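Examining the three-dimensional arrangement
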Amino acid sequence: MVKKKAYVVLIIILGVFIYLLWSFFRTSYQIQQSVHNMDLRYQQPSADQQHIVLISQELDNPYWRSIEKGARNAADKWDMQMEYIGPIRINPDEQIRYLEKAIASKVDGIIVQGSRDPKLLSLLTKAKQKHIPILTIDTDAPNSERLAYVGTDNFTSGKLLGEYVANRMSGKGTIGVIMGSRSADNHKLRVKGFLESIKSYPKLSVKSVEESNISQIQASQMAEKMMRTYPDINVMVGTSALDGLGIIQAAENIGRESIHIYGFDNLKETKQAIQTGKMEATLEQEPAMMGYKSVQLLHQFFTGHSVKTQYFTPIDVLDEEDVK
Ligand code: BGC
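Report follows, based on the coordinates. (Residues numbered from 1 in each chain as written. Predicted model: local features only at pLDDT ≥ 70, side-chain atom pairs only at ≥ 80, totals over all residues. Heavy atoms only, no water.)

Notes on the environment of glutamate 320
Filter applied, for reference: A helix here means a DSSP run of H or I that spans at least four residues, while a strand means a run of E at least two residues long, and both kinds are numbered starting from the N terminus. Here, two residues are considered to be in contact whenever any of their heavy atoms come within 4.5 Å of each other.
One can find glutamate 320 in helix 11 (residues 320–323). Expressed as a C-alpha distance, the spacing of glutamate 320 and methionine 279, which sit 41 residues apart in the sequence, is 8.9 Å. When near neighbours in sequence (up to four residues on either side) are disregarded, glutamate 320 contacts Arg168, Ile274 and Glu280.

Topic: the environment of glutamine 95
Relative to the assigned elements, glutamine 95 resides in helix 3 (residues 92–104). Contacts of glutamine 95, omitting those with residues within four sequence positions, involve Ile55, Ser56, Gln57, Pro87 and Gln113.

Quick word on the environment of threonine 152
Heads up, the condition is: Side-chain atoms alone can form a polar contact between residues adjacent in sequence; in general such a contact is a pair of N or O atoms within 3.5 Å, and within protein one must be able to donate a hydrogen while the other accepts it.
Checked against the element boundaries, threonine 152 lands in the loop between strand 5 (148–151) and helix 5 (154–168). Sequence separation of threonine 152 and proline 314 is 162 residues, and the distance between their C-alpha atoms is 6.9 Å. Setting aside anything within four residues of it in sequence, one finds threonine 152 in contact with Ser157, Gln285, Met290, Phe312, Thr313 and Ile315. Among the polar contacts made by the side chain of threonine 152, one reaches the side chain of glutamine 285 at a distance of 2.6 Å.

A closer look at helix 5
Where we set the bar: Helix span, expected: 1.5 Å multiplied by one less than the number of residues in the helix.
With 15 residues, helix 5 ought to run about 21 Å at 1.5 Å a step, and its terminal C-alpha atoms sit 21 Å apart, in line with that. Serine 170, located one to two residues past helix 5, shows a positive phi value of around 50 degrees.

Thoughts on helix 9 (residues 268–275)
As a reminder of what qualifies: Any residue under 20% of the maximum accessible area for its type is buried, any over 50% is exposed, and the rest in between are partly exposed; the area is computed with a 1.4 Å probe on protein chains only. Directions from the helix axis toward the C-beta atoms define the arc.
For helix 9, the set of buried residues is Thr270, Ala273 and Ile274. Seen end-on, helix 9 carries its buried residues on one side only, within an arc spanning 100 degrees. Opposite the packed face of helix 9, turned more than 90 degrees from it, sit the exposed residues Lys268 and Gln275. Those residues of helix 9 that are buried are in contact with helix 8 (243–253), strand 10 (281–284), strand 12 (316–319) and helix 11. Following helix 9 by one or two positions, glycine 277 adopts a phi angle in the positive range, close to 80 degrees.

With respect to the packing of aromatic side chains
Working definition: an aromatic ring pair is given by the centre-to-centre distance plus the angle between the planes. We apply this condition: Planes of paired rings set the category: under 30 degrees apart is stacked, over 60 is edge-to-face and the rest tilted, where pairs are Phe, Tyr or Trp rings (Trp by its six-membered ring) whose centres lie within 6.5 Å.
Applying the stated criterion across every chain yields a total of 5 aromatic pairs. Ring centres of tyrosine 63 and tryptophan 64 lie 5.9 Å apart, and the angle between their planes is 80 degrees; this geometry places the pair in the edge-to-face category. An angle of 70 degrees between the planes, with centres 6.3 Å apart, marks the rings of tyrosine 164 and tyrosine 262 as edge-to-face. Pair noted here: tyrosine 164 is in helix 5 and tyrosine 262 is in strand 9 (residues 260–264), with a separation of 98 residues, a long-range link.

As for the nonpolar core
Stated formally: Among buried residues, those of type Ala, Val, Leu, Ile, Met, Phe, Trp, Tyr and Cys that are joined through side-chain atoms within 4.5 Å constitute a nonpolar core.
Within the largest apolar cluster, 47 residues are counted, with the highest numbers of intra-cluster contacts made by Leu135, Ile178, Met227, Met236 and Val295. The greatest single-element share of this core, amounting to 6 residues, is contributed by helix 2 (residues 62–77). Discounting residues that sit within four places of it in the chain, methionine 227 has contacts with Met236, Ile247, Ala250, Ala251, Ile254, Arg256 and Ile259.

Shown next as structure tokens:
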């Protein structure tokens, strides 16, 4: 009997192991294919078109797809050939490999999410030496050789949300924060700005800060754990596009629907959540405009015009009044 049980357990472990191995090879294959496709396309640029590359943080993330959409509109307008590439799941090293490849392929211009990673900074210098203009988008790489930054002023966006939360909560509350990533500058700046603005409200405090790795599932898991650990938390804030939605899921899972939830970005699901009262407000960014503007700036550069080094796109707080 005991032997039989051991066999069953062994078979289950073997099954799980084979599944994980299969998933690993499938993902590696998908990544290899996308890098390979990029190679193929780089070998066939059309004669008189500028060839530009947009490297995202996560290929199918709806926020990055909006950036892509805006960039494609501009690329069509100025007749450029644009490649949109990025890791399937957030992976800074892979992002850097794409950048390396784009520089080696001598494309005409690159748009990439910035960071302070020394590897990225040295690639920005290398690109400048090769006369390839690079724009940072969504997150800046300050003090680097990038041509310009296009995106939200992240510190101010955190501050704006903080002021809104403080007003709406009448200066009182215990807050839990789910941030997209502890290593990404945009999220660090958002949290910093948020803390700065609630500083002047002594009855408003942040109890805990956790990271979601920009995944809705992880946001939900971290939020659930946080709300269970600190039952006095009555306000939850998410700093990336899917965090607010993850927090809602967590609140529903543990029956804490009365919690006050604030998020970032204006995805369709986020606006619906505000309409139905599940979320109170969100800090709206303009990803499509970021994409459009960055391609426009590249066009400006290609046609010999000067380019400002920092282009902040508009931000706003969206609440039930705005989504009616
Ligand atoms: C951030 C992006 C991030 C996205 C993830 C946005 O708020 O600006 O950096 O990739 O959320 O969902």
